[in-house]
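# A structural walkthrough
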Amino acid sequence: MKAVALLRTRIAYAETAFAELAIWKVPNPVVGSTHSYKYRLAYVVEGVCVVRYDNEAGKGDHRHFGTEEQAYIFQTPEKLLADFERDMKRWNHENRHS
């Protein structure tokens, strides 16, 4: 089985903010992960990636929020998207006066 793209899209939220979402079903787990998904979700504001979820080979599942990085417990693609959306909303709320 080859990797199958489940989601590949770019969503513009404002003139200076967009999200790029990519999720693939893969035949074998990415090194560092225990599930059969490869993903990269990024929220970019004014040219800076401020929220990112990914499972880069060797690092496993993790999330970036601003300058912080921490492990992420992957459950399902749907939960991943919901968590990412929650963090985008949190970023916008916490930085609305910047």
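Please refer to the structure placed before this passage.
Keep in mind the model is a prediction, meaning the values are calculated, not measured.

## Details of the overall build of the protein chain
Within the protein chain, the secondary structure is distributed over one helix and six strands. Reading the protein chain from its N terminus to its C terminus gives the helix and strand order β-β-β-β-β-β-α. Computed over the C-alpha atoms, the radius of gyration of the protein chain is 14 Å, within 12% of the 13 Å expected from 2.2 N^0.38 for a compact globule of 98 residues. A principal-axis box enclosing the C-alpha atoms of the protein chain has dimensions of 45 × 25 × 20 Å. When contacts within the protein chain are restricted to residue pairs at least 6 apart in sequence, those whose partners lie at least 24 apart make up 39%. For the protein chain, the exposed surface amounts to about 6,200 Å²; the carbon and sulfur share of it is 52%. Seen as two clouds, the 14 positive and the 13 negative side-chain charges of the protein chain have centres 4 Å apart.

## Topic: the side chain of Asp-61
With respect to the element layout, Asp-61 can be found in the loop between β4 (48–54) and β5 (62–65). Notably, Asp-61 is buried but unbridged: the nearest opposite-charge side chain belongs to Lys-38, and the N-O separation is 8.6 Å. A polar side-chain atom of Asp-61 sits 3.4 Å from a polar atom in the side chain of Ser-33. At a separation of 2.6 Å, a polar atom in the side chain of Asp-61 contacts the side chain of Tyr-39. For Asp-61, the contacting residues outside a window of four places in its chain are Gly-32, Ser-33, His-35, Tyr-39, Asp-54, Asn-55, Ala-71, Tyr-72 and Phe-74.

## A few points about the sheet that holds strand β3 (residues 37–45)
Within the open sheet, the six strands sit side by side as β1-β2-β3-β4-β5-β6. Their pairing is antiparallel. Looking at strand neighbours, the two that pair on one side only are β1 (4–14) and β6 (68–71), the edges of this open sheet. Strand-to-strand twist in this sheet, taken as the mean axis angle between neighbours without regard to direction, amounts to 15°.

## With respect to a nonpolar patch on the surface
Residues Met-1, Val-4 and Leu-6 make up a contiguous nonpolar surface patch of roughly 310 Å² in combined accessible area. Following the sequence through the fold, Met-1 ends up in the segment before β1.

## A closer look at the packing of aromatic side chains
If you walk through the whole model with that rule in mind, you get six aromatic pairs. Judged by centre distance (6.0 Å) and plane angle (85°), the rings of Tyr-13 and Tyr-43 are edge-to-face. Taken together, the residues span a long stretch of sequence, with Tyr-13 in strand β1 and Tyr-43 in strand β3 at a distance of 30 residues. Residue Tyr-13 is classed as partly exposed on the basis of its relative accessible area of 45%. Ring geometry for Tyr-53 and Phe-84: centres 5.7 Å apart, planes at 90°, overall edge-to-face. Here Tyr-53 is found in strand β4, whereas its partner Phe-84 is found in helix α1 (residues 77–94), with 31 residues between them in sequence. Here the two residues Tyr-53 and Phe-84 agree in accessibility, since each one is buried. One Lys or Arg, Arg-10, reaches over the ring of Phe-18 and ends 3.5 Å from the middle of that ring. Residue placement shows Arg-90 over the ring face of Phe-65; its charged tip is 3.9 Å from the ring centre.

Basis of the calculations
- Residues numbered from 1 in each chain as written.
- Predicted model: local features only at pLDDT ≥ 70, side-chain atom pairs only at ≥ 80, totals over all residues.
- Heavy atoms only, no water.
- Helix = DSSP H or I, 4+ residues; strand = E, 2+ residues; numbered from the N terminus.
- Rg over C-alpha atoms; globule rule 2.2 N^0.38 Å.
- Contact = heavy atoms within 4.5 Å.
- Areas by Shrake-Rupley, 256 points an atom, 1.4 Å probe, with all protein chains shown as cover.
- Lys, Arg positive; Asp, Glu negative; His and termini not counted.
- Charge placed at Lys NZ, Arg CZ, Asp CG, Glu CD.
- Buried < 20%, exposed > 50% of the residue type's maximum accessible area, 1.4 Å probe, protein only.
- Salt bridge = Lys/Arg side-chain N within 4 Å of Asp/Glu carboxyl O.
- Polar contact = N/O pair within 3.5 Å; in protein donor to acceptor, adjacent residues only side chain to side chain.
- Pairing = 2+ DSSP bridges.
- Axes fitted to C-alpha atoms, helices over the stretch in contact; angles between N-to-C directions.
- Patch = residues over 30% accessible without salt bridge, like charges linked within 9 Å, V, L, I, M, F, W, Y side chains within 5 Å.
- Phe/Tyr/Trp six-rings, centres within 6.5 Å; stacked < 30°, edge-to-face > 60°.
- Lys NZ or Arg CZ within 6 Å of the ring centre and 35° of its normal.

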